[in-house]
Amino acid sequence: MSLTPDWVKDAIFYQIFPDRFRQGAGPMGMPAPLSQDFEPWEATPTLRGFKGGNLWGVIEKLDYIRELGCNAIYFCPIFASTANHRYHTTDYFQVDPMLGGNEALRRLIEEAHQRGIRVVLDAVLNHCSRGHFAFQNILENGRFSPYLRWFHVYGFPLNAYSGKANYAAWWDNPELPKFNTNTQEVRDYLLRVAEFWIEFGIDGWRLDVPNEINDDSFWQEFRRRVKAKNPQAYIVGEIWDDARRWLQGDQFDAVMNYPLGRAVLGFVGGDTLDKDLAAKSGLGRIESLQALAFSHRLEDIFDRYHWDIVTAQMNLLTSHDTPRLITLMHKNLERTQLALSLLYTLPGAPMVYYGDEIGLEGGHDPDNRRGMIWQEEHWQRPILESIRHLARLRQVHPVLRRGKYQRLYAQDGHLAFARVHEHEALVVTVNTLDEPWKPVIPLHGVWARGQEARDLLSGTPAACHRGNLEAIHPLPPLSLGVWALE
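Being a predicted model, the structure only gives us computed values, none of them experimental. (Residues numbered from 1 in each chain as written. Predicted model: local features only at pLDDT ≥ 70, side-chain atom pairs only at ≥ 80, totals over all residues. Heavy atoms only, no water.)

Undergrad: Residue-level account of the overall build of the protein chain, with values.
TA: Helix and strand content of the protein chain: 14 helices and 18 strands. Taking 2.2 N^0.38 as the reference for a compact globule, 486 residues should give roughly 23 Å; the C-alpha atoms of the protein chain span a radius of gyration of 23 Å, in line with that estimate. Based on the C-alpha atoms only, the size of the protein chain along its principal axes is roughly 80 × 45 × 45 Å. The buried share among the 486 residues of the protein chain stands at 61%. Relative to all contacts within the protein chain whose residues are 6 or more apart in sequence, the contacts with residues 24 or more apart total 69%. Surface accessibility of the protein chain: about 19100 Å² in total, with carbon and sulfur atoms responsible for 48%. One finds the centroid of the 51 positive side-chain charges in the protein chain at a distance of 2 Å from the centroid of its 60 negative side-chain charges. (Helix = DSSP H or I, 4+ residues; strand = E, 2+ residues; numbered from the N terminus. Rg over C-alpha atoms; globule rule 2.2 N^0.38 Å. Buried < 20%, exposed > 50% of the residue type's maximum accessible area, 1.4 Å probe, protein only. Contact = heavy atoms within 4.5 Å. Areas by Shrake-Rupley, 256 points an atom, 1.4 Å probe, with all protein chains shown as cover. Lys, Arg positive; Asp, Glu negative; His and termini not counted. Charge placed at Lys NZ, Arg CZ, Asp CG, Glu CD.)

Shown next as structure tokens:
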């Protein structure tokens, strides 16, 4: 029996920060905002400003997402909130009016499913907004509030708007009071939220900072409730490092695979990578990796978990919590394209943060959450076309979705590995150096001698000679090849 939903192994995710993706033509929910007070779309994002992107805009661009090769969307939070990022939830049962309300989500799910696109929402269950009804009740009634044990309150009156918070809050931010999940009524409330939206039709949950609800029994019950509503629902946790505790088959299906992303950035980015910029984000200090060290890092990551989980991991390079990919690469287009392309050839489900496919720039929050550029003349089309091509290859070749990873060659900036599944094998070559490479790669029995191969991306031919794969022509600098037998 599979430990994870089967569809995830075939997924390519597209992450959307709703306020910044697209303003669409559709009715606002109530109470409706004044659209003329939205921040200009092209302006540098501010911490508090709203740009007015909504779910109607996503619906308008579902065909774009599908043509990109993506068949799943992960949304940053969409529930009612007082923040543009919506991690400050005020009402877990209502889609934010600015995004179009529940009506817009219902329509989006219908339209997405018609196109074979799954919808995964962000669950922020560790903390809520100080505007949440239960916390507001304590603000109004103090120690007499019947919701007192919903939170961890240390004194009265609550310092919600001045001074240091005298209640447990996420990173001591008074805007984000932490739920007391030891209280049964709180647990019931949050678990009902999880069930409600699965019943509504979503395909899974991404769990925000789930390690901060440090209670295995809570997540075990979360899984039981969600899977009872939809056994194929995807549960993916935001765990930035080793996740073995949560990936034993009784809590999450997978996690956001930041360790793999860091390794790709270190290998492809090398000394070009802006390590100081990365270090100021959750990515931390990224070290440059040669091919062998990179492959060892991958093999360690793959060996930590059951293979069924490895192929369902959400593999990513950047997100709303990190600087943009092309900015990390000091605007080096070739290395940006190579890093994103490599992600598509590794075990796990690749994820693209909206705009990375067209070279959208951005530093730290909130700059990494710029408005999506829809003027095609400003797109970096080589990145876009590359991942479209690789998405098609993943669709045609199950080995790229299910196959084991087998290192064939690793030296300096040159790597070759095979993806092997049942009777199919593909060989992937990666050249991270600024000079051509004419590889002679030991095949270790992956293919037989005397056969001909061709790079499915460039059309370059190669021969299987004396147990090696030998390219007829040198491979370009900063390139990736996916080789198949003729």
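Undergrad: Lay out the packing of helix α5 (residues 184–200) against helix α6 (residues 216–229) in plain terms, naming residues and giving numbers.
TA: Packing of α5 against α6 brings their axes to within 9 Å, and their N-to-C directions diverge by 30 degrees. It follows that α5 is roughly parallel to α6 by the angle criterion. Pair α5 / α6 crosses with right-handed handedness. Note on element contacts: α6 touches α5 through Ser217, Phe218, Glu221, Phe222, Arg225, Val226 and Lys229, opposite Arg187, Asp188, Leu190, Leu191, Arg192, Ala194, Glu195, Ile198 and Glu199. (Axes fitted to C-alpha atoms, helices over the stretch in contact; angles between N-to-C directions. Parallel < 35°, antiparallel > 145°, perpendicular 65-115°, else oblique. Left-handed = near helix turned anticlockwise from the far one by under 90°.)

Undergrad: Summarise unusual backbone geometry; cite the residues concerned and give the values.
TA: Going from methionine 30 to proline 31, the amide bond is cis rather than trans, its omega being 0 degrees. With respect to the helices and strands, the residue proline 31 is situated in the loop between β1 (13–16) and α1 (55–60). Phi angles above zero are rare outside glycine, and tryptophan 171 is one such case at about 50 degrees. Tracing the backbone through its elements, the reader meets tryptophan 171 in the loop between α4 (133–141) and α5.

Undergrad: Account for the nonpolar core, with residues named and values stated.
TA: By size, the foremost hydrophobic cluster in this structure holds 147 residues, and its most contacted members are Phe13, Tyr14, Ile65, Phe75, Trp205, Phe222 and Leu342. When residues in this core are grouped by element, the largest group, nine residues, is from α5. Setting aside its immediate chain neighbours within four residues, phenylalanine 222 contacts Leu125, Leu191, Ala194, Trp205, Leu207 and Ile235. Counting 17 residues, the second largest nonpolar core, distinct from the first, contains Ala425, Leu443, Cys464 and Leu475. (Core = buried A, V, L, I, M, F, W, Y, C linked by side-chain atoms within 4.5 Å.)

Undergrad: An account of α6 is needed here, citing residue identities and associated values.
TA: Between its terminal C-alpha atoms α6 stretches 20 Å, which fits the 20 Å expected from 14 residues at 1.5 Å a residue. Burial in α6 covers these residues: Phe218, Trp219, Phe222, Arg223, Val226 and Lys227. Seen end-on, α6 carries its buried residues on one side only, within an arc spanning 150 degrees. Exposed residues lying more than 90 degrees from the buried face of α6 are Arg224 and Ala228. Contact partners of the buried residues in α6: α5, β6 (204–207) and β7 (234–237). (Expected span 1.5 Å × (residues − 1). Arc of directions from axis to C-beta.)

Undergrad: Requested: an account of the pairing of strand β18 (residues 479–485), with residues and values cited.
TA: For β18, the buried fraction is high: six of the seven residues fall into the buried class. Note: strand β13 (residues 424–431) against β18, five bridges, orientation antiparallel. Along β18, the bridge assignment pairs valine 428 with valine 482. Sheet topology places strand β15 (residues 452–455) next to β18; three bridges connect them, and they run antiparallel. If you follow arginine 454 over to β18, its bridge partner there is alanine 484. (Pairing = 2+ DSSP bridges.)

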